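Residues per chain, in single letters:
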Amino acid sequence: MASLSLKKITAVWIYTILILFVLAILMGITMRFTQGKTISVSPIEFYLLMTTHGVTMIGIWAAAGIVAVNYLLARYIKVSTSLNVFALVFTVISILMLWASTFIGKFHAGWTFLYPLPFHIAWETWATPMFLWSLMVLSVSWFIWTLGSMVQILKKYSLRQSFAIQHISKKSPSVETPPLVLISMVSLLGMVVCFIAAIILLALLLAEYYSAGKFVNDPLLIKNLTFFFGHTIANEALYLGLATLYELLPEVSGRPKFKTTWYVALGWNCAIIFILGAFFHHLYMDFVQPKGFQIFGQIASYFATIPSVVVTIISIVTLLYNNKIKWSLVNLLFFIGLMGWIIGGIGAVIDATISNNIILHNTLWVPAHFHTYNVMGNVLFSLAFFVWVANEFSDNNDLQKYNKLVMPLLMVGGFGFVLMFYWAGAYSVPRRFAMYPSELSSGTALASAAAWFACIYLVGVLLVLFDVLKKCAKVFSSSSH
Amino acid sequence: MRKSFFFFIALVVFSNVVLCNTNGLYSFSEEEKLFKPIANIEIATAEGEISLSDLYDKSPIILVLVFTRCTGICSPLLSNVKENIRQQQTNEKYKVLVLSFDSSDSISGMLQLAKRYNLDEDKQWIFATTDRIEALNASVGFNPVWDSTSQQFDHEALVVGVNGNGYIVKKLNGLRASSDFRSLIKEINSEFVLSYPLPRKNMLFSCFTYDPATGKKKISVGMLVMLLPVVLTLLVVAGLATIKRKPNE
Ligand code: HEM
């Protein structure tokens, strides 16, 4: 069970994540209103908002996943509180550096900071190294955080057991691996790989920066490493969200816990390779990339979804079908999150098919699918955890009266917001345009509508935030262990 | 022994200086003057005097630099350009301007040259001379050198792509394949053309090595760097496997 210190650090993480979330949503709304010509910000301001919004969002929801599984893993293993404190301190330092590089230094090369953009200085000269160092601080500290979490698991389970290999070969093995442990292990391993990729990537970029032209990078290598890191972290964050769902959904629905079966174990183990290989689909347009990688990218993108999606859907259907479920905000958030995750996943698979990518590449279809499985998928998984844990901290499952409004607000706002992205994407409106030219006037109208939908979503988030923050505060006045 | 050593060093230094000079003369770089405007000179054609902008304002130009007395590369170059242009089945609009860089050439000599290649009736081809060849040469980075012994210009085989705004967007040096002309035509028509920087000396972790002599590329150390995260993780996991367990904790 979670110790008081673990509860306290989890509460601080929740405060940090939710506050940053609201600020990042406000940046997103500003961008969408700008594209819709309802308000006007300069192109530089638009792109620095886009850069800050992208890194912040990816960062906080990856963090939310690690925080949630760390908290829940305390049911099975001893979790290190100091590791979580360490990660929080360095995350805050890194975010301050990042925001300084964008808001003060005006760095605005996008969250993928694609090479050689960071070296075409169109901002304060110090902003490029500051941005790169901020990500280096984050990558190194999160590498330690995720590796440390794996070490904690391996103090109780052997390597084989932690990946539930015994479930593949035996029907009822002597040691059972809970799904939470298996999925956490798979996702943490993926995160370790992607943070190593990030450290190598940032070291190469910093080496070029400080060598003053004596050393230059190969754009192909840098792009591969960028998406090895970027794609993987965004996806592993989702899988951590799923780990939380596997642990909590049956419990809050009044159903027996999920068990690891042979197909769950096999599915998740296969997913490791496919999740790590799927990033190649970001390089379809790079003609110098070896053809084999392109084909592997498409196959991996298809197969990455099969184990996790199919296995999860089977598990959830067996949980819900013909059973009386006690519906609450927590399991509704999980359930709608699952829908959002699947819809976004289908959008992703459509885009990851080479023949479609030729048309959809760099259109708003791309933000459409990743916003769907984030805004209406992973974010809802993590909000479900936050609501559940806040109830636990306050010993109070009561929902405020206005909480009845939360789900309608999140659903109308969230799905409406992403629908505008899909619609514009289907009309080939390009992504990352601060303003749309007159030829793309449909993009302008859809952007405006999207911004209003996002405002509705924000109100839903604020309702959750007030409830969660109030309940989390209780943990600081509590003295029981 | 020592004498021959110094002689050897002197030879190396001398040959380097000579080679470097020659390299300076023929800067075979296809990047020099790229994306710079071409000199807007007056040219004499069969139809009379026009300025270069009269041409590129209407359609992009492929500029071929030759001289009629050439006993060297000019003939193979013209044949090569003619053959490659014939092979292109495209709808793009462009003109091929064959311009003499020898001030002693006359327009009638150039028209005879056109006839020899059966291009005198072809409206896509324009044969011309100019009084301002130095300005044009300087703007495209072309440096022919007159050799009084052979009574010939020492020069490279250069084809220059000029877009509709009068900017040099591609240069082809030497006799080239049809695919190079394909991308030249696309480039002057402002269509997207795939390009990638070649490996350089200071690019330590290049994904490929490229041999200009054979035109072959091979996978190189950069690809291994891509695998590094996976290899390092496997090592980390191997390390983790040795952790002492306390199953009952
Ligand atoms: C309601 C909430 C949100 C709003 C209003 C919003 C809005 C936007 C907008 C307008 C863009 C720029 C789109 C373009 O290319 O034109 C964008 C990009 C992006 N967003 Fe969001 N977003 C929201 C939530 C999220 C969430 C939850 C995540 C991730 C977990 C996220 C991650 C990103 C990323 C990675 C980019 C790309 C940035 C780049 O291209 O550099 N967003 N968002």
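In case you missed it, the structure is sitting above this.
Residues numbered from 1 in each chain as written. Chains lettered and ligands numbered in written order. Predicted model: local features only at pLDDT ≥ 70, side-chain atom pairs only at ≥ 80, totals over all residues. Heavy atoms only, no water.

S.K.: What should I look at first to understand the overall build of chain B in this one?
M.R.: In terms of helices and strands, chain B carries seven helices and eleven strands. Relative to its full complement of 249 residues, chain B shows a buried share of 39%. Summarising the internal contacts of chain B: among those between residues at least 6 apart in sequence, 65% fall at separations of at least 24. For chain B, the computed accessible surface area is about 14,600 Å², with 58% contributed by carbon and sulfur atoms. (Helix = DSSP H or I, 4+ residues; strand = E, 2+ residues; numbered from the N terminus. Buried < 20%, exposed > 50% of the residue type's maximum accessible area, 1.4 Å probe, protein only. Contact = heavy atoms within 4.5 Å. Areas by Shrake-Rupley, 256 points an atom, 1.4 Å probe, with all protein chains shown as cover.)

S.K.: Looking at this structure, I do not really get the overall build of chain A. What am I missing?
M.R.: Tallying secondary structure elements over chain A gives 15 helices and zero strands in all. Taking 481 residues into account, the globule formula puts the C-alpha radius of gyration at 23 Å, and chain A, at 22 Å, falls close to it. Projected onto its principal axes, the C-alpha coordinates of chain A cover approximately 60 × 50 × 45 Å. A burial count over chain A gives 65% of its 481 residues as buried. The contacts of chain A with a sequence gap of at least 6 include a subset with a gap of at least 24, amounting to 82%. (Rg over C-alpha atoms; globule rule 2.2 N^0.38 Å.)

S.K.: Explanation requested: the side chain of A:Gln35 in the structure shown.
M.R.: In this structure, A:Gln35 sits in helix H1 (residues 4-35). For A:Gln35, the side chain forms a polar contact with the main-chain oxygen of A:Phe433, separated by 2.9 Å. (Polar contact = N/O pair within 3.5 Å; in protein donor to acceptor, adjacent residues only side chain to side chain.)

S.K.: Help me understand the interface of chain A and chain B in this model?
M.R.: When the parts come together, some accessible area is lost, and that loss is often what is quoted as the size of the interface. With 35 residues of chain A in contact, the opposing surface of chain B contributes 33 residues. Summing both sides of the interface, chain A and chain B together bury roughly 2,900 Å²; the carbon and sulfur share of this comes to 77%. For the pair chain A and chain B, the interface holds zero salt bridges. On the surface where chain A and chain B come into contact, there are three residue pairs in polar contact (both at pLDDT 80 or more). Sorting the residues of the side of chain A that touches chain B by element identifies helix H4 (127-156), helix H5 (159-162), helix H7 (179-211) and helix H8 (219-252) of chain A as the ones contributing at least two each. Here the side of chain A that touches chain B gets seven residues from one element, more than from any other, and that element is H7(A). Class assignment for the residues of the side of chain A that touches chain B results in 25 nonpolar, five polar and five charged. (Buried area = accessible area lost by both parts, 1.4 Å probe. Salt bridge = Lys/Arg side-chain N within 4 Å of Asp/Glu carboxyl O. Nonpolar A, V, L, I, M, F, W, Y, C, P; charged D, E, K, R; others polar.)

S.K.: I'm lost on helix H7 (residues 221-240) of chain B in this one. Help?
M.R.: What sets the pattern is the α-helix's 3.6 residues per turn: residues three or four places apart point alike. Residues and elements named next belong to chain B. Taking 1.5 Å as the rise per residue, H7 with 20 residues should run 28 Å; its terminal C-alpha atoms sit 28 Å apart, in good agreement. Where H7 bends most, the angle comes to about 40°, and this point is Leu-227, followed within four residues by the proline Pro-229. Among all positions in H7, only Gly-222, Met-223, Val-225, Met-226, Pro-229, Thr-233, Val-237 and Leu-240 are buried. (Expected span 1.5 Å × (residues − 1). Bend = angle between axes of the 7 residues up to and from the residue.)

S.K.: Sorry, what's going on with the coordination of the iron atom of the ligand here?
M.R.: Each donor-metal-donor angle in an ideal tetrahedron of four donors is 109.5 degrees, and each such angle in an ideal octahedron of six donors is either 90 or 180 degrees. Residue and element names in this part refer to chain A. Those protein atoms acting as donors to the iron atom of the ligand are His-53 (NE2) and His-371 (NE2), and they sit at 2.0 Å. If you look at the iron atom of the ligand, its six donor atoms make angles of 88 to 180° with each other, and the shape they trace is octahedral. A residue pair is termed long-range when its members are at least 10 positions apart, and His-53 in helix H2 (residues 43-73) and His-371 in helix H13 (residues 365-394) qualify at 318 residues. Given a relative accessible area of 13%, His-53 falls into the buried group. A relative accessible area of 14% means that His-371 is categorised as buried. (Donors = N, O, S within 2.8 Å, 3.2 Å for Na, K, Ca; no water. Tetrahedral: all angles 85-135°; square planar, octahedral: opposite > 155°, others 65-115°.)

S.K.: What am I meant to see in the site of the ligand here?
M.R.: All names here are of chain A. Taken together, 25 residues lie around the ligand, and Gln-35, His-53, Trp-111, His-371 and Arg-432 are the ones closest in. One of the side-chain N or O atoms of His-53 is found 2.8 Å from a nitrogen atom in the ligand. Here Arg-432 contributes a side-chain N or O atom positioned 2.7 Å from an oxygen atom of the ligand. Structurally, the ligand is housed in the largest cavity. Elements with a minimum of two residues in the shell around the ligand: H1, H2, H13 and helix H15 (441-477). For the shell around the ligand, a count of residues per class yields 15 nonpolar, seven polar and three charged. (Near = heavy atom within 4 Å. 1 Å grid on protein atoms, 1.4 Å probe; cavity = no way out; pocket = protein on both sides within 12 Å on 5 of 7 lines; lining within 4 Å. Sits in = over half its atoms within 2 Å of the grid points.)

S.K.: How should I be thinking about a negative patch on the surface in this particular structure?
M.R.: Residues B:Glu42, B:Glu49, B:Asp54, B:Asp57 and B:Asp131 make up a contiguous surface patch of negative charge. If you trace the backbone, B:Asp131 turns up in the loop between strand E5 (125-128) and helix H5 (133-140). (Patch = residues over 30% accessible without salt bridge, like charges linked within 9 Å, V, L, I, M, F, W, Y side chains within 5 Å. Lys, Arg positive; Asp, Glu negative; His and termini not counted. Charge placed at Lys NZ, Arg CZ, Asp CG, Glu CD.)

S.K.: Help me out: how do you make sense of the pairing of strand E8 (residues 158-162) of chain B in this one?
M.R.: For a regular strand, side chains alternate in direction, first toward one face of the sheet and then toward the other. Residue and element names in this part refer to chain B. Burial runs high along E8: five of the five residues are buried. Of the two faces of E8, the one holding Leu-158, Val-160 and Val-162 and the one holding Val-159 and Gly-161 are both buried throughout. Note that E8 and strand E9 (residues 168-173) share five bridges and pair antiparallel. Counted as the bridge partner of Val-159 is Leu-172 from E9. (Pairing = 2+ DSSP bridges.)

S.K.: Even after reading the chapter, I still don't get the packing of H7(A) against helix H9 (residues 262-277) of chain A, so can you show me in this structure?
M.R.: Residue and element names in this part refer to chain A. Where H7 meets H9, the axes come as close as 10 Å, and the angle between the chain directions of the two elements is 10°. One finds that H7 runs roughly parallel with respect to H9. For the pair H7 and H9, contact is made by Leu-182, Ile-183, Val-186, Leu-189, Gly-190 and Val-193 and by Val-264, Ala-265, Trp-268, Asn-269, Ile-272 and Leu-276, respectively. For the contact of H7 with H9, a count of residues per class yields ten nonpolar, two polar and no charged. (Axes fitted to C-alpha atoms, helices over the stretch in contact; angles between N-to-C directions. Parallel < 35°, antiparallel > 145°, perpendicular 65-115°, else oblique.)

S.K.: Whenever I open this one, empty space enclosed by the protein confuses me. Can you help?
M.R.: Using a probe with the size of a water molecule, rolled over the atoms, empty space left in the structure can be pinpointed. All names here are of chain A. In total, this model carries three cavities of 30 Å³ or more according to the counting rule given. As a volume, the largest cavity reaches approximately 660 Å³. Lining the largest cavity are 34 residues, with Met-31, His-53, Phe-370, His-371 and Phe-421 sitting closest to its centre. Where the lining of the largest cavity is concerned, the elements lending two or more residues are H1, H2, H8, H13, helix H14 (406-426) and H15. Split by residue class, the lining of the largest cavity holds 23 nonpolar, eight polar and three charged. Roughly 130 Å³ of internal volume is contained in the second largest cavity. The wall of the second largest cavity is formed by 16 residues, among which Gly-59, Ile-60, Thr-91, Ile-95 and Leu-138 lie closest to the centre. Where the lining of the second largest cavity is concerned, the elements lending two or more residues are H1, H2, helix H3 (81-104) and H4. With five residues, H2 is the single largest residue contributor to the lining of the second largest cavity. Here the residues of the lining of the second largest cavity sort into eleven nonpolar, five polar and no charged. (Points joined across faces, edges and corners; volume = space filled by probe spheres on them.)

S.K.: Looking at this structure, how should I read the sheet that holds E9(B)?
M.R.: Note on sheets: strands pair through backbone hydrogen bonds, and any given pair is parallel or antiparallel. Residue and element names in this part refer to chain B. In spatial order, the strands read E5-E4-E3-E8-E9; together these five strands make up an open sheet with mixed pairing. Looking at which strands have only one partner, the edges of the open sheet turn out to be E5 and E9. Averaged over all pairs of adjacent strands, the angle between their axes in this sheet comes to 20°, without regard to strand direction. In terms of strand pairing, strand E4 (residues 95-100) meets E5 through four bridges, oriented parallel. Counted as the bridge partner of Leu-99 is Ala-128 from E5. In this fold helix H4 (residues 107-116) packs onto strand E3 (61-66), E4 and E5, with an angle of close to 145° to the strand it touches most, E5. Of the strands in this sheet, E3, E8 and E9 touch helix H6 (residues 178-188), which is tilted by about 165° from E9.

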